[in-house]
Amino acid sequence: RVAVCHAGVSEYIHPILLADEVIGFIAVSGSREPSAPHVHRSSLWESAPSDTPLPIALLEVVLPPLAVMLERLFEKYAHREADEFDKIAAYLAEYHSSPTLDELCQRFHRSRSYISRLFNERAGCSLRAFCNKLKLADAKTLLESTDIPVTEIAYAVGFGDASYFIKLFKEKYGVSPYKYRKAG
C-alpha cells in the first residue's frame, strides 16, 4: 500500500471498489525520499520533510471508512442513472411516436451525449431504434386487433414513411405487416 511516486515522494494508496472492481484510489502523499531520482527539485519538494514517515497506522484507520463512503456514493450514482433511464423509458413508452433527442434533453435536463450514451449502454441501441421498437410493437397490436389499413397504421404509430415502416416490420418480425395480419 505504500509506494514511491515518480517525484520521489512516498504515498499511501487505498483502492475504491465498486462491485469488486477498482474504480479509483485515495492517495496520501508523505515524505520525500532523498535517494529517489526525480526530474525537477522545486522549492516545495525541497521544503518537504525527508525524515518524517507516513503515519501508516492512522491512515489504515481513517482511509477504509472514507473509501466505503465514496464507494456508496458511486453506487448511489450508478443506481440514480439506472432510475433515470427507467424514467426516460417510461416516458417513451407513453410518448414514443415523435420524440426527438433535443426534446428529451430539455425535458430531463441532460445533454445529447448523456442520453445517447445512456441508451446505447442500457438499451443496447440508439434512441431512435428504441422508439422504433416501441412503435413496431404498437403496430403489431393494431394489426392484430383492427382492420385499419397498413399505411394508416404506419402513420398512426408515428412513422412518417409507410415503406420504411414495412421494411422495419419485416426485419423485426420476419414477415410484412400484410402477411402478419393474414397469418393472425
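Cut-off values and rules
- Residues numbered from 1 in each chain as written.
- Predicted model: local features only at pLDDT ≥ 70, side-chain atom pairs only at ≥ 80, totals over all residues.
- Heavy atoms only, no water.
- pLDDT = per-residue confidence, 0-100.
- Helix = DSSP H or I, 4+ residues; strand = E, 2+ residues; numbered from the N terminus.
- Disulfide = S-S within 2.5 Å.
- Buried < 20%, exposed > 50% of the residue type's maximum accessible area, 1.4 Å probe, protein only.
- Salt bridge = Lys/Arg side-chain N within 4 Å of Asp/Glu carboxyl O.

1. Description of the confidence of the model for the protein chain
Turning to step 1, where the next piece is worked out: Here the protein chain shows a mean pLDDT of 85. Residues at 70 or above account for 85%.
Turning to step 2, where the next piece is worked out: Confidence, expressed as mean pLDDT per element, reaches its minimum in the protein chain at helix H1 (residues 43-47) with 61 and its maximum at helix H7 (residues 162-173) with 96.

2. Section: the state of the cysteines
Turning to step 1, where the next piece is worked out: One pass over the full model with this rule turns up 0 disulfides.
Turning to step 2, where the next piece is worked out: Here Cys125 stays free of any disulfide, with the sulfur of Cys131 as its closest cysteine sulfur at 8.9 Å.
Turning to step 3, where the next piece is worked out: Residue Cys125 is classed as buried on the basis of its relative accessible area, which comes to 10%.

3. A few points about the pattern of salt bridges
If charged atoms from side chains of opposite charge come close, those side chains can pair.
Turning to step 1, where the next piece is worked out: Evaluation of the coordinates by the stated rule reveals 5 salt bridges.
Turning to step 2, where the next piece is worked out: Notably, a salt bridge pairs Arg122 with Asp86, separated by 3.9 Å at the nearest N-O pair. In this pair, Arg122 sits in helix H4 (residues 112-122) while Asp86 sits in helix H2 (residues 56-94), placing the two residues 36 residues apart along the sequence.
Turning to step 3, where the next piece is worked out: Its relative accessible area of 39% is what places Arg122 among the partly exposed residues.
Turning to step 4, where the next piece is worked out: When the shortest N-O distance is used, the salt bridge between Lys167 and Glu171 registers 3.4 Å. Placement of the pair is Lys167 and Glu171 together in helix H7, with a separation of 4 residues, close to one helical turn.
Turning to step 5, where the next piece is worked out: Residue Lys167 is classed as partly exposed on the basis of its relative accessible area of 48%.
Turning to step 6, where the next piece is worked out: Residue classification places Glu171 among the exposed positions, given a relative accessible area of 55%.

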